[in-house]
2 protein chains.
Amino acid sequence: MKKRKVVLTEDEMPRQWYNILADIKMNPPLGPDGNPVGPEQLAPVFPMNLIEQEVSTERWIDIPDGILDVLSIWRPAPLIRAYSLEKALDTPARIYYKYEGVSPPGSHKPNTAVAQAYYNKEFGIKKLTTETGAGQWGSALAFACSQYGLECKVYMVRISFDQKPYRKSMMQTWGANCIASPSSETKAGRAILEKDPDTPGSLGIAISEAVEAAVTDESGQTRYSLGSVLNHVMLHQTIIGLEAKKQMEKIGEYPDIVIGCAGGGSNFAGLAFPYAYDKINGKDVAIYPVEPEACPTMTRAPFAYDHGDTAGYTPLLPMHSLGHTFVPPPLHAGGLRYHGMAPTVSQLIVEGILEPKAFGQIATYEAGLLCARTEGVIAAPETNHALACVVDEAKKAKEEGKEKVILFNWSGHGLIDLAAYDKYLSGQLEDFAFPAEDIEEAEKVLESYPKPEILKSV
Amino acid sequence: MKKRKVVLTEDEMPRQWYNILADIKMNPPLGPDGNPVGPEQLAPVFPMNLIEQEVSTERWIDIPDGILDVLSIWRPAPLIRAYSLEKALDTPARIYYKYEGVSPPGSHKPNTAVAQAYYNKEFGIKKLTTETGAGQWGSALAFACSQYGLECKVYMVRISFDQKPYRKSMMQTWGANCIASPSSETKAGRAILEKDPDTPGSLGIAISEAVEAAVTDESGQTRYSLGSVLNHVMLHQTIIGLEAKKQMEKIGEYPDIVIGCAGGGSNFAGLAFPYAYDKINGKDVAIYPVEPEACPTMTRAPFAYDHGDTAGYTPLLPMHSLGHTFVPPPLHAGGLRYHGMAPTVSQLIVEGILEPKAFGQIATYEAGLLCARTEGVIAAPETNHALACVVDEAKKAKEEGKEKVILFNWSGHGLIDLAAYDKYLSGQLEDFAFPAEDIEEAEKVLESYPKPEILKSV
């Protein structure tokens, strides 16, 4: 019998997160006045203990027992050797994946949701607000809040709210209040509804509503929570890569290539940053974040200062951005439909530590179907982007006759996002073009903002 | 940090299944002529290697490496201490659960689907047919067939086919052909459609179609596969209880009470039979199978000979039965809507080894919601029945001030069966009565059949 899995006990769980800010230089976030944003300016939005993490440059940050207790519901996550995929591709590559679909909501998102709920609770906060698109993040935060006895309010983009009732049910089962966005409960929501009562909503609008609901709560006991992009979110996700390293070590392996899909960047960073640390320190490892060709933030967009949300409420962040007014086509990988990219991931691209890749939607489902029928696990639409890159690299290894070791992040299962598999199987799935005019448009949107410095840390 | 989980490595996976037929006397299945059914009569329906397992009285049966290889995609399954539930109930009981939701389709069903696909493949079979109600079994067999390169055809009860498109998509993603039943492809299906073109279908009709499709395939390379009730299905599921025993032993625990929900009996038997073996050999352990009050096969129905399907195609089986014409009310726990019970489970009830319990639908969702908000995992509607019993026993332990050890089977997650949680939360979930007339009706249906002997093995 072949051994597929490398498991860790709870005793072997990492006790510290890795903070990439210790090892790279970063352009600061800027306020509306063009000056760097200080911690106190963020205090109405986030609790101070999380703001401290956001700006910390300590390399290792302790994970409190109160967080490990909840993570241990599903962590450590298994590392799995993809023997059946290797066989199907007849590749000399050895392929391993870290499987994050074992969490109760089915993705990597709870790694930071649990940490954020914990720190808010510690700070005396009673209620968290957030937005959600496809629903993975909202359900992760609902789950986390239920573990710490926090109230949770989720503004869900209306089109998803209507199309994905299961996600809403999941959030409500965990005790969260999930409403369609735009709603009439916020100024931002009412303004949109007045102009267009039948709007399908957008992530940008939902962010505006969730932030507004947090900062205008007069009790002072409500804060906002974000599932990606920010430094502390990337930090919390590094438990993925730190576990993977321990597991790979146990079997005497080290990856030649590390792969993850990237929308805002969090699952990718979670696996990749501990390896980026090695690379910064001279190790030879290729690291590929993967995005949709139709939303090519990393592979085609400029590195610039831009807002994280559509409405322009957030500070200006130094990142690869298609412009905060960019509306990605209706890709099934909702989690990859984002105009920007985490500033840390963006900086590592500027540094040459990461080499981004892009794939078309149909290619990602082709890879997803192959993996479902070999490895047996049906992947989330976002994960399919990582799979497309893995299949590509495994084929290259075959062409080159090289025994490459490929490690990737299987960020979530696709059991509640199956509609697109049907479309793929019936030949109705589309690829979307990304016209060159969209880059010109992005440059126009971005030209009025300050330019980030091209910093080199390595 | 508390340790929640007891994990096993793949090296520690059980290498043999436990066969309860070695330890209890059974009434034989009977053919239409009233005589015991011989293996050769089952040969058009099942491959001979599985028929041999069905009738074997060997206590320990080796698990082939080719099966362990596939089970290792998700097995060994974790044993988890339900600390948060204990705390919420303020009980002195220590509660443990075996979590079967980690399998790719999300339930215990693949434990036997994989074994059945393997043995059919070994026997030279190219295609399996089956029926599915809510979809758990059909998706498990689709997954298993994809692992061994077998064709798979699933007849899905029309009402579920229409209401649960995700289950169909899942099966198709794994390469199975899933069609609504009744279909025009079989004689049985056409006969029903002629009478009632708008019929919602039933499990009984779907079984008839799947069996017909298998036995009438002229290539001789198609067989039928059943997800519960039969001896070999219970056998394959015992890996659950054998793992649990190893895990409990590691932490020096032995259960006072073992609990599982039971529809056809397979997830219950999987956990409970290895403990029933101990009880047969003098150990003091209470074992509770749990069913819906509205479909009280074990708690109210007679022990009798009856058909396994509605149409009366199967042999007569000695079991607790509400009569094969009984139509259970539309409970959300589709997997527990069955008129009969596995003959082995039924015999153990007759022997006094098992003590069945029944709960109303609302009570099961109350327990499910409590567990979702404490343990963090959203349970399948079937599992909620086990949870209701666990909560009940934990409360009793508190009243009695006893440190009881409770072990139960968390048979699956509920991520694609969330609609009923919404209903529960909005106060719209119903309890269904079970009128005494239904028992009289059952007795009438059963009176023409031979009566099983009341055998005592213990």
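The coordinates are above.
Residues numbered from 1 in each chain as written. Chains lettered and ligands numbered in written order. Predicted model: local features only at pLDDT ≥ 70, side-chain atom pairs only at ≥ 80, totals over all residues. Heavy atoms only, no water.

(A) View of the side chain of Glu243 of chain A. Residue and element names in this part refer to chain A. Within the element layout of this structure, Glu243 appears in helix H12 (residues 239-250). Engagement of the side chain of Glu243 in a polar contact is seen with the side chain of Arg75, the distance being 2.9 Å. Ignoring anything within four residues of it in the chain, the contact list for Glu243 reads Leu8, Met13, Pro14, Arg75, Pro76, Ala77 and Lys98. (Helix = DSSP H or I, 4+ residues; strand = E, 2+ residues; numbered from the N terminus. Polar contact = N/O pair within 3.5 Å; in protein donor to acceptor, adjacent residues only side chain to side chain. Contact = heavy atoms within 4.5 Å.)

(B) Looking closely at the sheet that holds strand S11 (residues 286-292) of chain B. Residues and elements named next belong to chain B. Here we have seven strands laid out as an open sheet, ordered S1-S4-S5-S15-S10-S11-S14, and mixed in their pairing. The open sheet is flanked by strand S1 (5-6) and strand S14 (357-359), the only strands paired with a single partner. The sheet contacts of helix H12 (residues 239-250) involve S1, strand S4 (79-81), strand S5 (94-99) and strand S15 (405-410), and relative to S5 the element is tilted by about 140°. Each of S5, strand S10 (257-261), S11, S14 and S15 touches helix H17 (residues 383-400); the most contacted strand, S15, lies at about 170° to it. (Pairing = 2+ DSSP bridges. Axes fitted to C-alpha atoms, helices over the stretch in contact; angles between N-to-C directions.)

(C) Examining the packing of aromatic side chains more closely. Counting across every chain of the model gives 35 aromatic pairs over all chains. With centroids separated by 5.5 Å and ring planes inclined at 50°, the aromatic side chains of Tyr18 of chain B and Trp60 of chain B adopt a geometry described as tilted. A residue pair is termed long-range when its members are at least 10 positions apart, and Tyr18 of chain B in strand S2 (residues 16-18) and Trp60 of chain B in strand S3 (residues 60-62) qualify at 42 residues. With relative accessibility at 1%, the residue Tyr18 of chain B sits in the buried group. With 6.0 Å between their ring centres and 35° between their planes, Phe408 of chain B and Trp410 of chain B make a pair best called tilted. Of the aromatic side chains, those joined through ring pairs into one cluster are Trp17, Tyr118, Tyr119 and Tyr148 of chain A. (Phe/Tyr/Trp six-rings, centres within 6.5 Å; stacked < 30°, edge-to-face > 60°. Buried < 20%, exposed > 50% of the residue type's maximum accessible area, 1.4 Å probe, protein only.)

(D) View of helix H10 (residues 203-215) of chain B. All names here are of chain B. Its 13 residues place the ends of H10 18 Å apart at the C-alpha level, agreeing with the 18 Å of an ideal helix rising 1.5 Å per residue. With 11 of 13 residues buried, H10 lies mostly within the body of the structure. Residues of H10 that are buried sit in contact with strand S6 (127-132), strand S7 (151-157), strand S8 (177-181), helix H9 (187-195) and strand S9 (222-224). (Expected span 1.5 Å × (residues − 1).)

(E) Local environment of the relation of the copies chain B and chain A. After a rotation of 180° and a shift along the axis of 0.0 Å, chain B superposes on chain A with an RMSD of 0.0 Å. Viewed as a symmetry operation, the transformation between the two copies matches a two-fold axis. A share of 100% of the interface residues of chain B reappears at the interface of chain A, consistent with the copies meeting face to face through the same patch. (Least-squares fit on C-alpha atoms with pLDDT ≥ 70 in both.)

(F) How the structure looks around the sheet that holds strand S5 (residues 94-99) of chain A. All names here are of chain A. One open sheet holds the seven strands; their spatial order is S1-S4-S5-S15-S10-S11-S14, and the pairing between them is mixed. Looking at the sheet topology across the chains shown, the edges are occupied by strand S1 (5-6) and strand S14 (357-359). In terms of strand pairing, strand S10 (residues 257-261) meets strand S11 (residues 286-292) through five bridges, oriented parallel. Within S11, the position partnered with Gly260 by the bridge is Pro289. Across the face of the sheet, H12 comes into contact with S1, strand S4 (79-81), S5 and strand S15 (405-410) while running at roughly 140° to S5. The sheet strands contacting helix H17 (residues 383-400) are S5, S10, S11, S14 and S15, and the helix crosses S15 at an angle near 170°.

(G) Focus on the pairing of S15 of chain A. All names here are of chain A. Most of S15 sits inside the fold, with six of its six residues counted as buried. The alternating pattern of S15 places Val405, Leu407 and Asn409 on one face and Ile406, Phe408 and Trp410 on the opposite face, and all of these are buried. Strand direction decides the pairing type here: S5 and S15, joined by six bridges, are parallel. Across the sheet, the residue bridging to Lys98 is Asn409, located in S15.

(H) Region of interest: empty space enclosed by the protein. Scanning all chains against the criterion turns up four cavities of 30 Å³ or more. Empty space within the largest cavity amounts to approximately 640 Å³. Along the walls of the largest cavity sit 39 residues, with Pro78 and Val102 of chain A together with Trp74, Pro78 and Val102 of chain B positioned nearest its centre. The set of elements that each furnish at least two residues to the lining of the largest cavity consists of S5 of chain A together with S1 of chain B. Classifying every residue of the lining of the largest cavity gives 30 nonpolar, seven polar and two charged. (1 Å grid on protein atoms, 1.4 Å probe; cavity = no way out; pocket = protein on both sides within 12 Å on 5 of 7 lines; lining within 4 Å. Points joined across faces, edges and corners; volume = space filled by probe spheres on them. Nonpolar A, V, L, I, M, F, W, Y, C, P; charged D, E, K, R; others polar.)

(I) Representation of H12 of chain B. All names here are of chain B. Over its 12 residues, H12 runs 17 Å from end to end, which matches the ideal 16 Å to within 8%, given 1.5 Å per residue. Along H12, nine of the 12 residues are buried, which leaves the element largely enclosed by surrounding structure. Just downstream of H12 lies Gly252, where phi reads positive at about 70°.

(J) Molecular detail of the interface of chain B and chain A. Taken together, the contact between chain B and chain A spans 49 residues of the former and 49 residues of the latter. For the pair chain B and chain A, the summed buried area comes to about 4300 Å², and 54% of that belongs to carbon and sulfur atoms. If you sort the residues of chain B by the area they bury against chain A, Met1, Tyr166 and Thr173 of chain B come out on top, with a joint share of 18%. In this structure, the connection of chain B to chain A is made through four salt bridges. The shortest N-O distance in the salt bridge between Lys5 of chain B and Glu10 of chain A comes to 3.3 Å. For the side of chain B that touches chain A, the elements supplying multiple residues, two or more each, are helix H3 (65-71), helix H6 (136-148), helix H8 (165-173), helix H16 (361-374) and helix H18 (419-425) of chain B. In terms of residue count, the dominant contributor to the side of chain B that touches chain A is H8 of chain B (five residues). Residue composition of the side of chain B that touches chain A, grouped by class: 24 nonpolar, 12 polar and 13 charged. (Buried area = accessible area lost by both parts, 1.4 Å probe. Salt bridge = Lys/Arg side-chain N within 4 Å of Asp/Glu carboxyl O.)

(K) Seen up close, the nonpolar core. With 169 residues, the main nonpolar core has Ile67 and Ile259 of chain A together with Ile67 and Ile259 of chain B as its most contacted residues. If we skip the residues at most four places from it in the chain, Ile67 of chain B touches Trp17, Val114, Ala115, Tyr118, Tyr119 and Tyr148 of chain B. (Core = buried A, V, L, I, M, F, W, Y, C linked by side-chain atoms within 4.5 Å.)

(L) Looking closely at a negative patch on the surface. A contiguous patch of negative charge on the surface is contributed by Glu437, Glu440, Glu443 and Glu447 of chain A. Structurally, the position occupied by Glu437 of chain A is in helix H19 (residues 437-446). (Patch = residues over 30% accessible without salt bridge, like charges linked within 9 Å, V, L, I, M, F, W, Y side chains within 5 Å. Areas by Shrake-Rupley, 256 points an atom, 1.4 Å probe, with all protein chains shown as cover. Lys, Arg positive; Asp, Glu negative; His and termini not counted. Charge placed at Lys NZ, Arg CZ, Asp CG, Glu CD.)

(M) Representation of unusual backbone geometry. Residue and element names in this part refer to chain A. A cis amide bond links Arg75 with the next residue in sequence, Pro76, at an omega value of -5°. Residue placement: Pro76 occurs in the loop between helix H3 (65-71) and S4. The omega torsion of the bond from Ser181 to Pro182 falls at 5°, within 30 degrees of zero and hence cis. Residue placement: Pro182 occurs in the loop between strand S8 (177-181) and helix H9 (187-195). Residues other than glycine seldom take positive phi values, yet Asp90 does so here, at roughly 50°. Relative to the helices and strands, Asp90 is located in the loop between helix H4 (83-89) and S5.

(N) Layout of the pattern of salt bridges. Counting across every chain of the model gives 38 salt bridges over all chains. Residue Lys3 of chain A is joined to Asp11 of chain B by a salt bridge in which the shortest nitrogen-to-oxygen separation is 3.0 Å. Of the two residues, Lys3 of chain A sits in the segment before S1 while Asp11 of chain B sits in the loop between S1 and S2, which places them in two different chains. Salt bridges sharing partners connect three or more residues here, namely Arg75, Lys98, Glu100 and Glu243 of chain A.

(O) Main features of the environment of Leu369 of chain B. Residue position: Leu369 of chain B is located in helix H16. Exposure remark for Leu369 of chain B: the relative accessible area of 11% places this residue in the buried category. For the pair Leu369 of chain B and Pro255 of chain B, spaced 114 residues apart in sequence, the C-alpha to C-alpha distance is 24 Å. Sequence-distant contacts of Leu369 of chain B, defined by excluding residues within four places in its chain, comprise Thr173 of chain A together with Tyr421, Tyr424 and Leu425 of chain B.

(P) Here's a closer look at the side chain of Asn231 of chain B. Here Asn231 of chain B lies in helix H11 (residues 231-237). Setting aside its immediate chain neighbours within four residues, Asn231 of chain B contacts Leu21, Glu54 and Thr344 of chain B.

(Q) Highlighting the packing of helix H6 (residues 136-148) of chain A against helix H8 (residues 165-173) of chain A. All names here are of chain A. In the contact formed by H6 and H8, the axes pass within 8 Å of each other and the chain directions differ by 15°. One way to sum up the angle between H6 and H8 is to call them roughly parallel. For the element pair H6 and H8, the recorded crossing hand is left-handed. Taking contact as the criterion, the partners of Gln136, Gly138, Ser139 and Ala142 in H6 are, on H8, Arg167, Met170 and Met171. Per-class residue counts for the contact of H6 with H8 are three nonpolar, three polar and one charged. (Parallel < 35°, antiparallel > 145°, perpendicular 65-115°, else oblique. Left-handed = near helix turned anticlockwise from the far one by under 90°.)

(R) Representation of the environment of Gln428 of chain B in the model. Residue and element names in this part refer to chain B. Within the secondary structure, Gln428 is located in the loop between H18 and helix H19 (436-446). According to the relative accessible area criterion, Gln428 is exposed, its value standing at 56%. Spatially, the C-alpha atom of Gln428 lies 33 Å from that of Ile192, the residues being 236 residues apart in sequence.

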